[in-house]
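These are the residues of each chain, in order.
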Amino acid sequence: MPPHVPADPPAELVAARLRDPYPYFAWLRRCAPAHVERRVGRPALWQVSRYEDVRALLTDTRLSKHPGRVPGYVPGPAGLNRHLVHADPPDHTRLRALVNSAFVPRRIALLEPFITRVAHRLLDRIEHSVHVDLIADFAAPLTFRMICAILGVPGRLDTTATRETLMSTIAPGTSTDAARTERDLHDLLDALIDGKRSGSGGSGVDLLGALVRAGDESGAMSEEELRSTAYLLLLVGHDTTMNLIGNGMLALLDHPEQAARLAAPDPGPGFVASAVEELLRYDSPVRDATFRCAAAPIELHGQVIGAGEIVSLLIGSANRDGERFTEPDRLDLGRTANEHLAFGYGPHFCIGAALARLEGAVAFPLLLRRLGPVQLAKPADELCWRPARVMRGLVALPLVRRA
Ligand code: HEM
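Residues numbered from 1 in each chain as written. Predicted model: local features only at pLDDT ≥ 70, side-chain atom pairs only at ≥ 80, totals over all residues. Heavy atoms only, no water.

K.L.:
Break down the nonpolar core for me, with residues and values.
P.N.:
If you look at the biggest cluster of nonpolar residues, it comprises 88 residues, and the most contacted ones within it are F103 and L142. Per-element tally for this core: the top contributor is helix α11 (residues 223–253), with 14 residues. Those residues in contact with F103, other than ones at most four positions away along the chain, are I108, I147, I150, L207, L233, I351, G352, A354 and L355. Y51, V54, L58 and L341 belong to the second largest nonpolar core, which has 23 residues in total. (Core = buried A, V, L, I, M, F, W, Y, C linked by side-chain atoms within 4.5 Å. Buried < 20%, exposed > 50% of the residue type's maximum accessible area, 1.4 Å probe, protein only. Helix = DSSP H or I, 4+ residues; strand = E, 2+ residues; numbered from the N terminus. Contact = heavy atoms within 4.5 Å.)

Next comes the structure, spelled out in structure tokens:
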């Protein structure tokens, strides 16, 4: 079959791809590296799966991140899409510069004692539990606490209810009342931003306070950009790292001999860092890059991506590409040549990478040491994965302590 007329992927791979996308990704890389789905009444959707293509397109200016280029396409909750993930230069450059300084590695490194303290406190609470849900009991509250501390979210809003309101905006079909969810979300943002303006809104690094001042005093960002940015940071600041901890622990449970080394008091120089990188590569928390569409026609593997068509860059697939990684389906916590794309590449490279790496480096060894012998409370293929568009993460990771 000529390369420009690829077959459709086998139905069983498509059906299983939420639970296990890797056989589906392998098929795409082999048989249809630029796969298009033409949809009635909606723009065509391209999936790009090979490492070299994904990396090249992450920096290709013919791809735009502005959803306004696709008529009728609304990527997130109404009124909350004017943030850096959905912007091209010069707006992207301006918005990124406003938030970047809060996330630079030397500033993030200062948070290590705080992350460790919060992680210990969460583990204290489940010390005597036989059944533990690693997502609800640990990964979600830890990661949400950290992004709240950076933004300066006051304690009364740093709650499970706030987290659930945010998460329900990105899980289509899980909310019983989408309008109510949006209202709750806007109420939450009002409370946060009004709190900053009246001076009663919490402390910490207080990035949100700084953004409010930047908007009010020098017009550096509009009110819609401010609200969108607050929403974006609260959401991606925790959803992503929560998935790193969940997906990573699932992989470690499946590889006890490697987990034992990570749990050791002195695993060797650089081992914790390389382990976090490998867990990011092996089951990438951001499975597909965020929204992009062609601003001009792009030729790829003998086909043409038309202007206005949506392009999904499959990071989770690129990170398992055998042309780039030796034995890509093997977890190797000591892997050295590991230029994965889990944090993206180029101008939209993840702003929170230093924070996520630090949270992972604190959480994994601590969890392995303090949880003691645990196992999955149900078979791995019965675990429930969230039906999200971009992320790959578990609804719950139920564990049971072994006697
Ligand atoms: C393991 C955790 C994380 C992973 C795997 C991850 C992954 C990514 C990826 C792949 C991108 C690029 C998306 C694209 O180009 O389409 C990105 C962008 C971004 N990430 Fe992260 N991220 C993580 C944690 C965080 C955290 C903790 C924050 C904190 C606020 C954060 C904030 C952002 C922001 C604001 C962007 C947009 C940057 C831009 O468009 O210029 N991320 N992330």
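Read on, since the account is not over.
K.L.:
Give me the packing of aromatic side chains: which residues, what numbers.
P.N.:
This structure, assessed with the given rule, holds five aromatic pairs. Pairing Y22 with F25 gives two aromatic rings, centres 5.9 Å apart and planes at 80 degrees, and the pair type is edge-to-face. Here the residue Y22 and the residue F25 both occupy positions in helix α2 (residues 22–31), the gap between them amounting to three residues, near one helical turn. Just as Y22 is buried, F25 falls in that class too. Measuring from ring centre to ring centre gives 6.1 Å for F343 and F349, while their planes differ by 65 degrees; the resulting arrangement is edge-to-face. (Phe/Tyr/Trp six-rings, centres within 6.5 Å; stacked < 30°, edge-to-face > 60°.)

K.L.:
Summarise the pattern of salt bridges; cite the residues concerned and give the values.
P.N.:
Enumeration over the complete set of coordinates arrives at 24 salt bridges. Among the salt bridges present, the one from R392 reaches D283, with a minimum N-O distance of 2.6 Å. With R392 in the loop between β9 (374–376) and β10 (398–401) and D283 in the loop between α13 (271–282) and β5 (293–294), this residue pair connects regions lying 109 residues apart in the sequence. Residue R392 is classed as buried on the basis of its relative accessible area of 5%. One salt bridge connects D329 with R320, and the closest N-O pair in it is separated by 2.8 Å. On the accessibility criterion, R320 (6% relative accessible area) is buried. Through salt bridges with shared partners, one network takes in E52, R55, R324 and E339. (Salt bridge = Lys/Arg side-chain N within 4 Å of Asp/Glu carboxyl O.)

On their own, these measurements won't tell you what the molecule is for.
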